[in-house]
Amino acid sequence: MTDPIIGTPQIKLLERLCNAVAVSGDEGEVRAIVLDEIRAHVEDARVDALGNVLATRSGSGKNRLRVMLAAHMDEVGFMLVNADGDGLFQFETVGSVDVRQLPGKRVWVGKRHLPGVIGARPIHLTTTEEREHKIPLESLRIDLGPKAGLAEPGERATFAASFHRLGPSLLAKALDNRLGVAMLIELIKHAPPNVDLLAAFTVQEEIGLRGAGVAAYALKPDLAFVLDCTPANDLPMYDRSENHLYNTRLDAGPAIYTADSGMVHDNRLVRFLAETAQAAKIPFQYRQPGGGKTDAGAIQRSLAGIPAVSVSVPGRYTHTACSLCRLEDWKNTLRLLYTALEHVTPALLNLEHVTPALLKQ
Amino acid sequence: MKALIQTLTETFGPSGHEDAVRAVIRAQVEPLADEIRVDALGSLIAVKRPVRDGGKKILLAAHMDEIGLIISHVDEKGFLRFTTLGGVPPRTLVGGRVRFLDGTPGVIGGEVLENWDKVHTMEQLFIDIGASGPKDVRVKIGDVAALERPFLDLGKRLVAKSLDDRIGVAVLIETLRQLKMTPHEVYFVFTSREELSSEAGAAAVAFGIEPDLALSVDVTSTGDTPKGHKTDVALGKGPAIRIHDPGVLSDPRIVAWIDQTARKNKIPFQRQVSTFGTTDARAMQASRSGVPVSCLAIPCRYVHTPSEMVDMDDVQNAVKLLVCLLSAPVEI
Amino acid sequence: MPSISPFLKTLISVSGLSAHEAPVRQIIEDKWRPLVDDLSVSRLGSLHGLKRGRAPASPPALVLLAHMDAIGLVVTQIVDGFLSLAPIGGVDARILPGTPVIVHATGNGTHQLPGLVVQPAASLLPPSARNDAVPLQYLFVDIGLPPRRVAELVQVGDLVAFATEPVELAAETLSGHSLDNRASVAALTVCLEHLQGRAHAWDVWAVATVREEVGLHGAATSTFQIQPDLAVAIDVTFGKGPGASDWQTVTLNGGPALGWGPNIHPALHKRFKELAEKLEIPFSVEIMPRGSGTDGMAAQISREGVPTMVISIPLRYMHTPVEMIAYPDIERTGRLLAEFVASLEVDFTARMAWDE
């Protein structure tokens, strides 16, 4: 078995994944790619009642842990909700999308990737006062061109594909979380033999972590790692003061979660990941504790409790038409996950890890 | 019991980091229980077995975690920015002291506000551990601190940090101690992670134990302070049945059971519908095929500040009531 | 008068606030007993009616979920004989002043005390509420009794339910409180009636769920217990009318609304749509871009996941005491559900897929 690497084929796969349309609740396009990629490497791959892809690849050693790896397939986007006629559609957002990111963007509608645009009133027709406020979602439309019958309410849409490379960076829509999906595919292909790898490519993460809990219930793992992409807000502060709200930073390696608005990540696993990275000389960072949620929140509280932690690739401008990450951060995240899998042992889950300093107090 | 409450409230245990307080509780319950275990998310489970078959499987949950702070950034001068674990009102923090898992102490300072009529937001606060620069700082992102404030014995009333919910923990330990015989299989559970909105600890516990009914034993805010909350619940008038809150509608059969048991045994109690907050009962009620739940609450002033206050009469009456509830058969 | 009318009017005339559904459950139990093979009550109080399928050897199972609980109020404090209130479920305080209610008093035996929600005079309110909407915390219920008598009879935690009488209006419509979601319980009953003497391969669980308005707990727990192969939630949705006209609304008396969105399995939506077209039952499609907010949301993520459908009856003025439905929509919904049940092949789930 060889270590997984990221080279040209993996980047090509990421491009295909990013350019696919898989808005929460309609993940079919990414699901098809995933099934195609993993089928030859797993004992079984099935699609469950919500559309999660669940796959098992058993190891061969003794005392193997059942390790769940989860990556959500869905992305934020839109659903057409009303046809105004003449190729114009009112739409709603699916997942957390900042409406200020929408005017002037190209979109793809439906399974056939019909091109469309979201326009805005010409500046000449706006007032100064109007320009001080954000353009409300209710006044925006997706325009497919003045022709009736091209699409119908209920169809999904998302930002048009935008994958490209720029120096050390990758730019695309939906890097959140096709980076995670691509990593999970690689980890399946190169799973170390000391664990039973239980892979979950989950659905509906962006609308409330709905796929992950169901997947955990089905897979019954001993512990879980969640692979995702998290915002890097490492830009200057408006007043040039020190930015202490960056969430994560590019070029600082994989971001290990400690706490978010949904959970405290399992501190045994947090420590294990950090120690693994240090030992293998893989750069890493802690994601700033704070708001946000990942699939780990749903997995942790599934069944009688599952120790879980999230590891994310830092990415700028997530949930917009074009996000940006560093190839090197992605590679290091995959390395960290693979190294961690190789070294994970049942002893890790010993719960009586009492800090000696505190007992003395 | 006061000594136990003091030890419990002065022990460290923010959500997800309950190792130290779990060790303290474990030492207390180990000699009293028929079985002890720790579940996958760190909750401590002490089982008291029935004298004969035929009783119910009853889960009592008191959360052992407390609200806390977690470091989000070490700045270029060595000050620590933080966010919270659980609901910590920023107005309670300025000038307060904290202690980290490794024992490091610190004080909380705030940026100078342009308008002193406003209170600090969390983002305007920081912890100062006396470092001259970032090189002196061993604390890192993700490290956790708890509020530090000494226990205060006012006679009938006690003041401490984390009485929410170490007082519930103390009530469960004392109930286990006093419960001589029970027809039920009783699970005394000290849950982890309650202060986070997901109550993952209780959810896992309820799934794992599959109880016939469950009670959370927690604190509830009173209305007996100047211009206080709109509730008649007061210190010293007995434990409160938290009938409704925004997350839990108690099972009416459980409420009737507690109400009638208290009346029959002449134990003072109060009834409450709370318009804010919730408890572990929320995560337990919809577990598996459903669990009838309610919450028995110790009235508490100044909840989620470093100086929470309870009345020992309420604490002892809560123990008495629980012992009565668990000593007799129940039909639900 | 449509044949379902007396039953529905009875349903909305009995109490059954969330977590306190026993009175309405009793009515439903009596109605369903001759229509199903087995009746039981779940641990949280949901009613499970099983109508067995004819498939040989353990037939697949379908649950039909209609919540029977209703929104209302609960007493938080008794102040000089006036009752202070908190909501049970989503109550808009602006519709309350002047509304007749029943207080289910338990302080000294049980009494049903009629009362009114009252709005204190402006001079008694905080400045912010003197000339604007009055938040619930400043409203009271007055039951017309002297304070001492009130304190004897009523205690904190007593329930307060709407008491507005049902009224039949023009064009086969009915107005009253709690039509959300007793109208769907009626439709589910119509479905069971249609199924009498009809062959169906699948086991059908008719479930009147509890606690939908406060967290979908009934649907979550009943689905967990029954472990069905498919789930259909029956609820109400916004009927086009005054104050509600955009894409989120459907036409009153326009037939059931077939849900579409992430809570819905596309193969189930397709089957319902094809059936409605074939049977010439009018319907609309309800677009649900995110969560449906119905029992279907909980059923879908039960255990390892359940393919789920949501079907809704158009209703105007949701969560007010004068909700309005059209009787034909109930009949159409019940019939469509029955036809769906009868149409299910034993291997339906094996052939359904997310992706065409």
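Residues numbered from 1 in each chain as written. Chains lettered and ligands numbered in written order. Predicted model: local features only at pLDDT ≥ 70, side-chain atom pairs only at ≥ 80, totals over all residues. Heavy atoms only, no water.

Details of the overall build of chain B
Counting its secondary structure elements, chain B contains 7 helices and 18 strands. For 332 residues, the compact-globule formula gives about 20 Å, and the C-alpha radius of gyration of chain B, at 20 Å, lands near that figure. Once the C-alpha set of chain B is aligned to its principal axes, its extents read approximately 65 × 40 × 40 Å. A total of 332 residues make up chain B; the buried ones form 63% of that total. Element-wise, carbon and sulfur atoms account for 50% of the exposed surface of chain B, whose accessible area totals about 12000 Å². The centroid of the 39 positive side-chain charges in chain B is displaced by 4 Å from the centroid of its 43 negative side-chain charges. (Helix = DSSP H or I, 4+ residues; strand = E, 2+ residues; numbered from the N terminus. Rg over C-alpha atoms; globule rule 2.2 N^0.38 Å. Buried < 20%, exposed > 50% of the residue type's maximum accessible area, 1.4 Å probe, protein only. Areas by Shrake-Rupley, 256 points an atom, 1.4 Å probe, with all protein chains shown as cover. Lys, Arg positive; Asp, Glu negative; His and termini not counted. Charge placed at Lys NZ, Arg CZ, Asp CG, Glu CD.)

Regarding the overall build of chain C
Across its full length, chain C carries 9 helices and 17 strands. Whereas a compact globule of 356 residues would reach a radius of gyration of roughly 21 Å, chain C reaches 21 Å, a difference of no more than 12%. Across its three principal axes, chain C shows a C-alpha extent of roughly 65 × 45 × 40 Å. Looking at chain C as a whole, 59% of its 356 residues qualify as buried. If you take every contact in chain C between residues at least 6 apart in sequence, the share linking residues at least 24 apart comes to 76%. (Contact = heavy atoms within 4.5 Å.)

What to know about the interface of chain C and chain B
In this assembly, 27 residues from chain C lie in contact with 28 residues from chain B. Regarding the contact of chain C and chain B, the summed buried area is about 2100 Å², with carbon and sulfur atoms giving 53% of it. For the interface between chain C and chain B, the tally reads 1 salt bridge. In this structure, Arg43(C) engages Asp212(B) in a salt bridge whose closest nitrogen and oxygen atoms are separated by 3.8 Å. For the pair chain C and chain B, the interface holds 11 residue pairs in polar contact (both at pLDDT 80 or more). Mapped onto the side of chain C that touches chain B, the elements with two or more residues apiece are strand E4 (72–79), strand E5 (82–88) and helix H5 (217–226) of chain C. Considering only residue class, the side of chain C that touches chain B consists of 13 nonpolar, 11 polar and 3 charged. (Buried area = accessible area lost by both parts, 1.4 Å probe. Salt bridge = Lys/Arg side-chain N within 4 Å of Asp/Glu carboxyl O. Polar contact = N/O pair within 3.5 Å; in protein donor to acceptor, adjacent residues only side chain to side chain. Nonpolar A, V, L, I, M, F, W, Y, C, P; charged D, E, K, R; others polar.)

Considerations on the domain arrangement of chain C
Residue and element names in this part refer to chain C. Looking at chain C, the domain boundaries give domain 1 (5–70 + 177–351) and domain 2 (72–162). Every contact between the two is made by 11 residues of domain 1 and, on the other side, 12 residues of domain 2. Taken together, both faces of the contact between domain 1 and domain 2 bury some 920 Å²; the carbon and sulfur share is 73%. Contact with domain 2 buries surface across domain 1, with Leu-17, His-319 and Pro-321 losing the most and accounting together for 48% of the total. Taken together, the links from domain 1 to domain 2 amount to 0 salt bridges. The tally of links between domain 1 and domain 2 comes to 2 residue pairs in polar contact (both at pLDDT 80 or more). Class assignment of the residues belonging to the side of domain 1 that touches domain 2 gives a composition of 4 nonpolar, 6 polar and 1 charged. (Domains from an automatic or database assignment.)

Considering the interface of chain B and chain A
The extent of an interface is frequently quoted as the accessible surface area lost upon association of the parts. Opposite the 43 residues of chain B that make contact, chain A presents 37 residues. The interface formed by chain B and chain A contains 0 salt bridges. Listing elements by their share of the side of chain B that touches chain A, those giving two or more residues are helix H2 (19–29), strand E4 (68–74), strand E5 (80–85) and helix H4 (200–209) of chain B.

Here we look at the packing of helix H6 (residues 267–279) of chain A against helix H8 (residues 327–343) of chain A
Residues and elements named next belong to chain A. Here H6 crosses H8 at 110 degrees, and the two axes come no closer than 10 Å. Classified by the angle between their axes, H6 and H8 sit roughly perpendicular to one another. Contacts from Phe-272, Leu-273, Thr-276 and Ala-277 of H6 reach H8 at Leu-336, Thr-339, Ala-340 and His-343. Residues that form the contact of H6 with H8 fall into these classes: 5 nonpolar, 3 polar and no charged. (Axes fitted to C-alpha atoms, helices over the stretch in contact; angles between N-to-C directions. Parallel < 35°, antiparallel > 145°, perpendicular 65-115°, else oblique.)

Here's the deal with the domain arrangement of chain B
Residue and element names in this part refer to chain B. Taken domain by domain, chain B holds domain 1 (2–66 + 161–327) and domain 2 (68–148). A straight line from the C-alpha centre of domain 1 to that of domain 2 covers 31 Å. Interface of domain 1 and domain 2: buried area, both sides summed, is about 1000 Å²; carbon and sulfur atoms make up 72% of it. Linking domain 1 with domain 2 are 0 salt bridges, by the criterion used here. Where domain 1 meets domain 2, there are 1 residue pair in polar contact (both at pLDDT 80 or more). Residues that form the side of domain 1 that touches domain 2 fall into these classes: 4 nonpolar, 4 polar and 3 charged.

A look at the sheet that holds strand E10 (residues 167–169) of chain C
Residue and element names in this part refer to chain C. Taken in spatial order, the 3 strands line up as E10-E11-E17 in an open sheet, and their pairing is antiparallel. Looking at which strands have only one partner, the edges of the open sheet turn out to be E10 and strand E17 (323–326). The mean inter-strand angle of the sheet, taken between neighbouring strand axes irrespective of direction, is 30 degrees. This element, helix H4 (residues 179–195), spans strand E11 (173–176) and E17 of the sheet and lies at about 25 degrees to E17. (Pairing = 2+ DSSP bridges.)

What about the side chain of Asp228(A)?
Residues and elements named next belong to chain A. Examined against the element boundaries, Asp-228 turns out to sit in strand E13 (residues 223–231). For the buried Asp-228, which has no salt bridge, the nearest side chain bearing the opposite charge is Arg-287, at an N-O separation of 9.3 Å. Discounting residues that sit within four places of it in the chain, Asp-228 has contacts with His-72, Asp-176, Asn-177, Glu-205, Thr-294, Val-311, Ser-312 and Val-313.

Looking at the sheet that holds strand E17 (residues 323–326) of chain A
Backbone hydrogen bonds hold the strands of a sheet together, and the pairing may be parallel or antiparallel. Residues and elements named next belong to chain A. Strands sit in the order E10-E11-E17 across an open sheet of 3 strands; the sheet is antiparallel. Looking at the sheet topology across the chains shown, the edges are occupied by strand E10 (164–166) and E17. Sheet twist, expressed as the average angle between the axes of neighbouring strands with direction ignored, equals 30 degrees. Pairing between E10 and strand E11 (residues 169–172): 3 bridges, direction antiparallel. Within the sheet, the bridge partner assigned to Arg-165 lies in E11 and is Leu-170. Packing against the sheet, helix H4 (residues 175–189) makes contact with E11 and E17, and its axis sits at approximately 40 degrees to E17. This element, H8, spans E10, E11 and E17 of the sheet and lies at about 65 degrees to E17.

Topic: helix H5 (residues 210–219) of chain A
All names here are of chain A. With 10 of 10 residues buried, H5 lies mostly within the body of the structure. Buried residues of H5: Arg-210, Gly-211, Ala-212, Gly-213, Val-214, Ala-215, Ala-216, Tyr-217, Ala-218 and Leu-219, and no others. Note on H5: the residue one or two positions beyond its end, Lys-220, has a positive phi of about 50 degrees.

Brief notes about the packing of helix H2 (residues 28–38) of chain A against H4(A)
Residue and element names in this part refer to chain A. Closest axis-to-axis distance for the H2/H4 pair is 10 Å, and the angle between their directions is 15 degrees. Judged on the interaxial angle alone, H4 and H2 are roughly parallel. For the pair H2 and H4, the crossing hand works out as right-handed. Along the contact surface, H2 presents Val-30, Val-34, Glu-37 and Ile-38, while H4 presents Arg-178, Val-181, Ile-185, Ile-188 and Lys-189. Partitioned by chemical class, the residues of the contact of H2 with H4 number 6 nonpolar, no polar and 3 charged. (Left-handed = near helix turned anticlockwise from the far one by under 90°.)

Looking at the nonpolar core
Residues and elements named next belong to chain A. Phe-201, Phe-225 and Trp-330 are the most contacted members of the largest nonpolar core, which has 72 residues in total. The element that contributes the greatest number of residues to this core is H4, accounting for 9 residues. In this view, Phe-225 contacts Val-67, Met-68, Leu-69, Ala-70, Phe-272, Leu-273, Val-309, Leu-337 and Leu-341; residues no more than four positions away in its chain are not counted. (Core = buried A, V, L, I, M, F, W, Y, C linked by side-chain atoms within 4.5 Å.)

Things to note about the environment of Asn63(A)
In this structure, Asn63(A) sits in the loop between strand E2 (53–57) and strand E3 (65–72). Sequence separation of Asn63(A) and Val109(A) is 46 residues, and the distance between their C-alpha atoms is 49 Å.

Focus on the side chain of Gln90(A)
Within the secondary structure, Gln90(A) is located in strand E5 (residues 88–94). If sequence neighbours within four positions are ignored, Gln90(A) has contacts with Met79(A), Leu80(A), Val81(A), Asn82(A), Asp84(A), Arg141(A) and Trp247(C).

Remarks on H2(A)
All names here are of chain A. Among the 11 residues of H2, 8 are classified as buried, and the element is accordingly described as predominantly covered. Buried within H2 are the following residues: Gly-28, Val-30, Arg-31, Ile-33, Val-34, Leu-35, Glu-37 and Ile-38. At its buried positions, H2 is contacted by helix H1 (8–19), strand E1 (44–47), E2, H4 and strand E12 (195–202).

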